Each structure stands twice: as structure tokens, then as C-alpha cells.
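One-letter residues, chain by chain:
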Amino acid sequence: MNGGLLLGASVLGLLLGGIYGLMASGLALTFGVMRVINVGHSALVIAGAYMSYELFAHLHIDPFVSLVITMPVMFLIGMGLEMAFLQHLREDREQFSVLVTWAIALGVEGVLGYFCGTDLVQISTNYANSSFSIGGVQIVYIYLYGFLLGALLMGLLALLLRRTTFGWSLRATVLNRQAAQLIGIDVAKVSAIAFGIAAAMAAAGGALYGMLNTFNPGSWYDLIGDLLIIIVLGGFSSVRGAFIASLVVIMFQEILSVIISPTWADWSFFMLLAIVLIVRPSGFFGVKTREA
Amino acid sequence: MKQTFCIGRTGAAALVISALMVGLSLSVVGGGASGAASKSPITIGVSISETGDFSPDGAADMNAYSLWAQLVNDSGGILGHKVQMKFVNDASSTSQVVTNYTTLLSKDHVNFVFGPFSSLLTIPASEIAARYGYAFVEPSGGSQAVFNRGLKNVFEAEPQAGYQDMLSFGDWVLGLPKSERPKTAAYATEDDPFIGPEVAALQAKFEAAGIKTVYNKTYPIELPSYAPIALGVAQSKAQVVVLGTNLPDATAFTQTFIQQKYNPLAIDYASGPDQGTPWVKAVGAKNVAGTTVPLGWLPTLSTYQNKAFVAAYVKKYGGNAAAMSTDAGEAYSVGQVMAQAITAAGSLSNTKVIAELHKLTFKTVQGSFAFNKQGIPNGHVVLGQWVNGSLQIIYPPAVATVKALFPKPAWGTK
Amino acid sequence: MTRRLRIAGWLLVLVASLLFPLVFTNPATLSIALVTLMYVGLASSWNILGGFAGYISLGISAFFGFGGYAFAITLHAFNVQAGYTPFAWLPLIGVLTAVVAIPLGWAALRTRQAVFVTVTIALMLVIQLSAENLVSITGGATGYGFPIPNWSAAFYYKPFYYAMLTVVVVSIAVAYVVRRSGLGLGLLAIRDDEDKAEAIGVPTKSYKLAAFVISAGLAGMIGAIFAYSVLYIYPQNAVDPLISMGAALMAFLGGAGTLAGPVLGALILAPAQTELSYYVNGQLYLILYGALFLAIVRLLPRGIIPSIGDQLRSRSSRHVDLLEHDGHHVEGRVDADDVKVMEGVRE
């Protein structure tokens, strides 16, 4: 086994893990705050990717720059979706939310397909293939930028959650929805905003996903399985857990890909899940919650 | 788009002209009972994957099929009948493909069916067509599994069965002067029933000729990143790289190679560089030079009706010729094959048409070929390479349009 | 609804299903009927775990696919000829699938609610991945063929229809028996409050596992028949997330937890889905399908049967069949549900 290859794969896995963490953390946030399993989260990622793509292809706006447009737009779309379709769910919302968000995802796929077609596209910036070398490992700028963006947004989210009144309300809602309501928190508003934040994170994740992969409106199917498994491993409602789990999981997978084979790396991914479930059903970092 | 292709109310003049054009042979076949004026249109049913896994290829197929019908009708139809396409959506699902073809055959009573693009849907669909005794000409379902089921009605409208596609690259490389011939090769392929065998066939050929395998991996189609495998290929420092890819992974591999500054002597892709503009967009115009891919079809070929097809396609759907995907050429060939078989049979009977399909040599935009008993075509795909900003044929020499680039220019230099 | 009326209703549906292929002989209609029956069976077997115990699985196509592969491989291994004889092997396939489901269910059922939903999705991916990777057994991505029966196009779907109908009747009967048994009451108690159920002595772990395994075995047989009718199985058609989702959606539409709900939901949605896809543009199809779903959840959040039940109840509050009414409890009805369970236990 080639040491350089192993190192290269680890670095790559770490950087890619940061990007996946960005996508997965939104999913964990929605679940934590709203008790909603958003299987449509990856459809929002793809919608974000298409927005960045269209802005890049037609107006030549760099996908990192256009985040100032796509993230707020997706924030509003997310809030709108939450208020229109999820807010009225009461009891059994975890179960029903699967159906509702699945329906939303199908709708998003249909709308994207209608306007953008089903051809595979990719956001190909002129620096997409540039890289530099550190100690024999080629680092690709785009992965590095993606990782940094992920870390930055995660940091901002952490600040928001820890240092603001809204963050306090949000954390209270995560801990106990009913109790939060009793102490006067407007849970409905908090939920809508949280969903909006998750959608905005999805937009950022989408821009990165669209730079690293070719995609079409159906690409969300490929993505959702990975994201869900990551948040299970991360303890489901923990944003930090989701981020760390995605670093660990993606690195693990990339390393196994090179030392064994990519097909069996996928297998061991599920083995990891099985082991975690058996040994520690609450995930790597899960706090003991009702559903774990 | 609505699924039926409306031909509108046909004027008497058009009918007279078409009757004249198709001539006497028709009245002989028609049994005299019906003149051209009362001839019902030939309906042809196709299931298309408009959404889901196979949707990227569905659109090109549908475009090419409808264009074919339009051009056929413009020139008077087949045996004096206009052609009417009926497209239905299967959302890439097997159960839907099954009900779709059953409905097309037993309820809508279409005269003929064409195959879906989606390779994995080809097998269930061809079984249904076989049950109804229908000819099943399909654009790109070329695995052994399609042909080994003992069906007499399945035909792949490509010059060569899909699983033999990459052998032309082997012929080209092994035909190089011995001193230039590469010594090592790396293989990476999708775990795909159609692409896997293509790569395996080429690998066997290379190994028999003494080219050492230094890297060989099969990977699942959906991965968070193809980069680790691409890294492995780059680190193997193989002189030749053979990639069993489609556009997404072809792009990812190429990007990693560029990022790693890895420049093999030659790279062959199962698919990717054949996609026209999307390929250039995906990897950048400076990086396409020297990438090779087996080609059944090219917009620049001087094959049967190709010029007219390309011009009409660009006119109808916009874009430019270079942007056309090979899927379009393959689907168009299905139409050409069927038109020739029906005309030769002189009848709309599928039994007769199947007999002709086994007998004739067909002229298509992909060149000429005939089918063997199993429906495997006997032609040869050519080897394409991006040279000077366009996709050209470099092998076999008889049809080459340009001198091959060997070794491949370094990334970014052209 | 009175008991007699209900029995009459079920009999009517059964007779209608038996006569259906004799009246509607068109193979196109029968192929849609076959898919519909498949969903009736899947939704009913899904209901045993998802409806009764409230454990929402989105992975039923894992067992659907496993059954299909097991059937193809068994027929090949024992050199079973095409035709009717393969159907005789179905019970074995059901048992085999159930056995495989035991360890998988054991691991998956260590989680609850949202995590369980997610784990079932992972389960589905594991089975699909196995089908792809165990090339020497499953044929890998290339897939696996069935022996081809020598039936005419007009006749072809009839044997499959009746085979599927048999399994569907078995599924509904099993669901009925489970519902009427202590197991069923235990599952309902688990759905209402698992901790409380455990506290009052319901062996929750084994009950949940039993429901999981029964549901998997039935799904395996259904998958086997369907794969045989298609004649070819490969990882993507064997284990299709859309099938899992479809089964769950249909059960919810009709009313999860009721016996008739999943049947009704599948009878409405399966043909609608097939016809819609046939006649409507693909993108529009997705949008319509999504919109239909949002509308159902919004307007009939508890499904059709429980909503009708509510209507009837409000008209005559005297004739409440406590066991028939068991849609999801809504806010403020928790006590009523507890009462219900207690009533059930007393029976």
C-alpha cells in the first residue's frame, strides 16, 4: 500500500467530509428543532445547486459569491415550505413528516426538471481543477474552499445557537418542544426559522455539490441515504454530531476505498452503522433523547 | 410535451404526392382494398424515462425519435403510411415499463414498438415484445444478458454490440509501433452491467498482448466521490488508462487527473468524451485534447442521411452539431432500421419485419450493419479522439478523419 | 359499521377480485391489476408493523427484493421448470425471507421512531448493495433471469394475478389474525406508548420483532411473484425506494392501523399512479403526485377509513366499534386511546 495514496485519500476524505457536514447539519437541525425527518433535504441541496448553476451559467456569478443570493432565497423558500406544509402537523409528526417532505422533494424534482431539463450539468468554474501540493499531497482548491466554507458556516451557526436569544429559544425547543411552548417560546416561529436556516445551509451545500459533481433533478435520491446515515451516526438531532460524523464517515469511506475497494467500502459503511446501533444506539455523539 | 405526435389533418395533396412517391409496390401489398388516402398512420410506441435514474438519456432519445418520425413523414411516410409516435413515461421504474409496454401492445395496439434507452429496462420490455411477436429494435442495451435470453425479436441498433465497444481502442494501441507501445495499463470501471464487460474485454486483449495491469478496480455507480479511485489510478502511474465511465464519473476522474498533474500516454473512456458540449463544459476546453472514446456515431460522419439528420436536429432543437449526444444518433438509427425493414417486408406484420431484420444489411447514420441470429450487430464502432477542439475519428485508418494524438497532450496545453 | 356489514364487504371485494380477470381480459388492464395487487399486499404487510405498532418502515422493498432474488436463485438451483411449479416454492421463499429478517430486525428495532425510519432506509441500501456485490450468487449489476413460461400474451398475467391474489389474501388474513390476537393488542399498546406498554408487561421486544418478521416474510413472497412476472431481476428493480415509499403512502392514505385502510389506499393510489405516469408528462407527474400527497396529508391526516369512522361516530356515538377505530390519536385524545387499549385488554 502506497503511503502517499493513503494520505491523499485521508485529506480528501476530511475535506469532502466538511462539505457533507454542511448538508447533514441542516438535516440534524430540522430534526432536532421540529421533529421532522426531512427526506427532501437533499432535494433542497439540488435546488440550491441549480440556482448556483443558473446564476453561474447565465450571469457568470461565481458560485461562492452567489451564495449571498441563493442562501437568503433558499432561507425564504424553506420558511415558506415549513409554514405551508409542516406547521400544521401535530402528533405523529415524525412519521407524517416523512410523507410530507417526500412529497415536497418530488415536487421540487418535478419543478427543476420542468425548468432546467434532465441533462446532467456541473458548475465548472475556471479554477475547478487547480490544485497545489503540500508534502506530496495535491490539495484541490475547490475542496479546500468548500471545507473552509463549511467550517465557517458551522461556526456561525454555533454562534447563533449559543450566543443569541433566538439560539436559546431554539435549543430549548430541541430539548422539549412542549416545555418550550409553556415558557412562552413561539415554537412555530422558531421552527419556521430553523427550517429556513437548514434550507440556506442546503443551498451552500448545493453550490459545493454542484461544483464537485455532475447532477440532474433526480440526484437527490443518491444523496439522501448518505445524509440520513450520517445523522444517525451523529446522534440524529445534534448539529455538531452530524458535522463530526460526516468527517469521520467520509474519511473512513475514502480510506477504505483505496485500501480495500470502493464497493466494499460502501459495505463497511453499513457495518459501521450496524455496530453503532448495536453498541450505542444513540449514535457517536447522541445525547439520550426520546427516540434514541 | 404531450405524448402523441400529432400529425394534424393531412391534406389531399400531401397524400397524392406520397402515394406517387411510394409507388406501385404499395398497391400490390395493400391488397388493393385501401388506397393511400385511407391508410391509417403507423403508430409506434416507446417508453421513455422522463424522470428518475435514467432521465439524462431519455430526452435525447425522445428528440431523435420524434425527429425521425417527422422526417419520414415529410418524405411521404413508410409504405404510404404516416408515422405517429406515442411516447409514455416510465419514470425509470420496471413495474411502469412493464405496464407501459403491455398497454401499448394490448390496449393501444400500436403497430410497432421501439426500445427504451435505459439499458436495464430493455430486458423486461423485450420479453413483453417477444410475447406479442413484436420486433424490438433498441438503441443501446448491449449486454450479453440482452442477447442470451434466446429471444428472436431483439436487435441492437448499433454497429457493434455494446460489450465489444472498447475493443477498437485496443486495436489502435496494439497497432502502434512496438517501441511506442505502452507497457502498463490501469482499469477502473463502474459496476454496470453494460460497461463492465466492455472494460473486461479490452483488459483481456491488452493482457494477452503483454500489457501489464497495474491497477484494476470496480466501483459502485453512486459514490460521494470518485476521487480516491482516481487517485489510485494516478498513483499507479500506468501509461494507459481505461475508464468504464459515464459522463459524471468521466468528469470526476479527469478532474482528479488534472489536479494531480497525471498525464498518461492515452486515456480511453467508455463514455464521456462522446457527449459533445457537456464534455467540453465539464472538463474545460483546454483539457479535452487527446481523450478517446468509442463512437457509434458522430455528427460529422458521412454516413447514410447523417447530414440531413444533424441539420434537422440542430434546426429543431437548437444548439450546435458538436453538442449532440451519441444517444441521438443511436435512437435515430433505430428508426432507420425499422423503416428499412418495414419497407422491405412490404407489410406492417411484425413477423415479416422480424424476418427482414434478420436478413437485411441496414444503412444508418452509424454506418452499415446486419444482425446475427441473436440480434447482435456485425459492424464496428470507430475510435474517436478530441483533436483541435472537435471529436474526430482516428481509427480504423480507412475512415480516420485526422491523425491521432499520441501521446495525449498534457492537460491544459491545448 | 356492524360486523356483518364488514364481513359482507370483504367477501364482496374478494369475489370481485376473483372474477376480475374473467371480466377484464385485456392484458394491459391485468398488468395494472397485478401491480395494484402487489401494492395491496405490500401495504397490508407493511401495516402489521407500521400501522399496528407505529414503527414506520421505509425499507419494505429490502425484503421485497430479497424475496425476488431468493426465488430466482432457488428456481435456478433446483432446476425448476417455468410454468406453474415455481409458485409451489413461494412458501419456502416467505420463510427464508422471514428468517433473514430476524437478525436485521433485531438490530433495527433497537431504535425507535425517526432513527428507526432511517435505519430501515439503510437496510434497504444494504440489501441492494449485497445484490450488487455478491456477484457469484446474484449476478451482480447484470442481474438474474427467471425461467420463461410458455404462456400466450393474452393469458400471461392471469397465473401471476391469481398467485398474487392468494398471497394478498394471506397477508390480509394474517393481519386480521394478528390484530385479534394478544400480539395485536400488544402492538397497539406499543404504538400508543411503548414505555407504558413495557411497564404493564407487554413483551415489547419480541412483539415488535414478530411483527417485523411476519411483515418481511409476506413482502418476500410478493416480491418473488412480481420478479417472476417481470422475468428479470437486478439490484435497482429489486430494491426500489419508490416501492417502499409507495406502500407506506398507500397505507397512510387508507388509514394506517386499520385492516381495510391499506387495501383501500392501494386500490386507489396504485392504479392512479400507473395511469398518471402513462398519460402525463414526467415532470408534471412528479408535481401532481407530490401535490396529491400534500393534499391527502392536509385534508385526511389520519387516512380515509378512520376519517369515515369519525364521521359515523359523530352521528351515532353509541355504536362505536372500539377495535375498528384506531387511527392515529390526535391531540387531546390520549386518554381515549388509553381507555381503548384497556378495553381491548379486557376483551
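Above this text is the structure in question.
Predicted model only: the values in this text are computed from it and were never measured.

Conventions and cut-offs
- Residues numbered from 1 in each chain as written.
- Chains lettered and ligands numbered in written order.
- Predicted model: local features only at pLDDT ≥ 70, side-chain atom pairs only at ≥ 80, totals over all residues.
- Helix = DSSP H or I, 4+ residues; strand = E, 2+ residues; numbered from the N terminus.
- Rg over C-alpha atoms; globule rule 2.2 N^0.38 Å.
- Contact = placed C-beta atoms within 7 Å.
- Pairing = 2+ DSSP bridges.
- Axes fitted to C-alpha atoms, helices over the stretch in contact; angles between N-to-C directions.
- Nonpolar A, V, L, I, M, F, W, Y, C, P; charged D, E, K, R; others polar.
- Parallel < 35°, antiparallel > 145°, perpendicular 65-115°, else oblique.
- Left-handed = near helix turned anticlockwise from the far one by under 90°.

A.B. asks: Please clarify how the overall build of chain B should be interpreted in this entry.
C.D. replies: Secondary structure assignment for chain B yields 14 helices and 14 strands. For a compact globule of 414 residues, the expected C-alpha radius of gyration is about 22 Å, and chain B comes in at 22 Å, within 12% of that figure. With the C-alpha coordinates aligned to their principal axes, the bounding extent of chain B is approximately 70 × 40 × 35 Å. Pairs at least 24 residues apart make up 70% of the contacts formed inside chain B by residues separated by at least 6 positions.

A.B. asks: Help me understand the sheet that holds strand β2 (residues 83-89) of chain B, please; the structure alone is not making it clear to me.
C.D. replies: In any sheet, the strands associate via hydrogen bonds between backbone groups, in a parallel or an antiparallel arrangement. Residue and element names in this part refer to chain B. Ordered by their spatial adjacency, 5 strands build an open sheet running β2-β1-β3-β4-β5, and the pairing between neighbours is parallel. Here the strands that pair on one side only, and so sit at the sheet edges, are β2 and β5 (154-156). Each adjacent strand pair in this sheet contributes to an overall mean axis angle of 25°, direction not counted. Of the pairings in the sheet, the one linking strand β4 (residues 136-138) to β5 comprises 3 bridges and is parallel in character. If you follow Val137 over to β5, its bridge partner there is Phe155. Along the sheet, helix α3 (residues 55-74) makes contact with β1 (42-48), β2 and β3 (112-114), crossing β2 at roughly 165°.

A.B. asks: So what exactly am I meant to see when it comes to the interface of chain C and chain A here?
C.D. replies: Interfaces are often sized by the amount of accessible area the parts lose when they come together. Contacts between chain C and chain A engage 38 residues on the former and 39 residues on the latter. Broken down by secondary-structure element, the contributors of at least two residues to the side of chain C that touches chain A are α6 (113-133), α13 (241-254) and α15 (282-299) of chain C. By residue number, the principal contributor to the side of chain C that touches chain A is α6 of chain C, which donates 12 residues. Class assignment of the residues belonging to the side of chain C that touches chain A gives a composition of 26 nonpolar, 9 polar and 3 charged.

A.B. asks: Explain the packing of helix α2 (residues 27-50) of chain C against helix α8 (residues 157-180) of chain C to me, please; I cannot follow it from the model alone.
C.D. replies: Two numbers describe a pair of packed helices, the interaxial angle and the distance between the axes. All names here are of chain C. Look at α2 against α8: their axes get within 9 Å of each other, and the N-to-C directions meet at 20°. Of the possible angle classes, the one that applies to α2 and α8 is roughly parallel. As α2 packs across α8, the resulting crossing turns out to be left-handed. Taken together, the residues of the contact of α2 with α8 sort by class into 18 nonpolar, 6 polar and 1 charged.

A.B. asks: I'm lost on the interface of chain A and chain B in this one. Help?
C.D. replies: Contacts between the two partners involve 36 residues from chain A, matched on the other side by 33 residues from chain B. Those elements that provide at least two residues to the side of chain A that touches chain B are α1 (3-34), α4 (93-116), β2 (137-140), α9 (220-233), α10 (239-259) and α11 (262-279) of chain A. Per-element tally for the side of chain A that touches chain B: the top contributor is α1 of chain A, with 7 residues. Residue classes in the side of chain A that touches chain B are distributed as 11 nonpolar, 19 polar and 6 charged.

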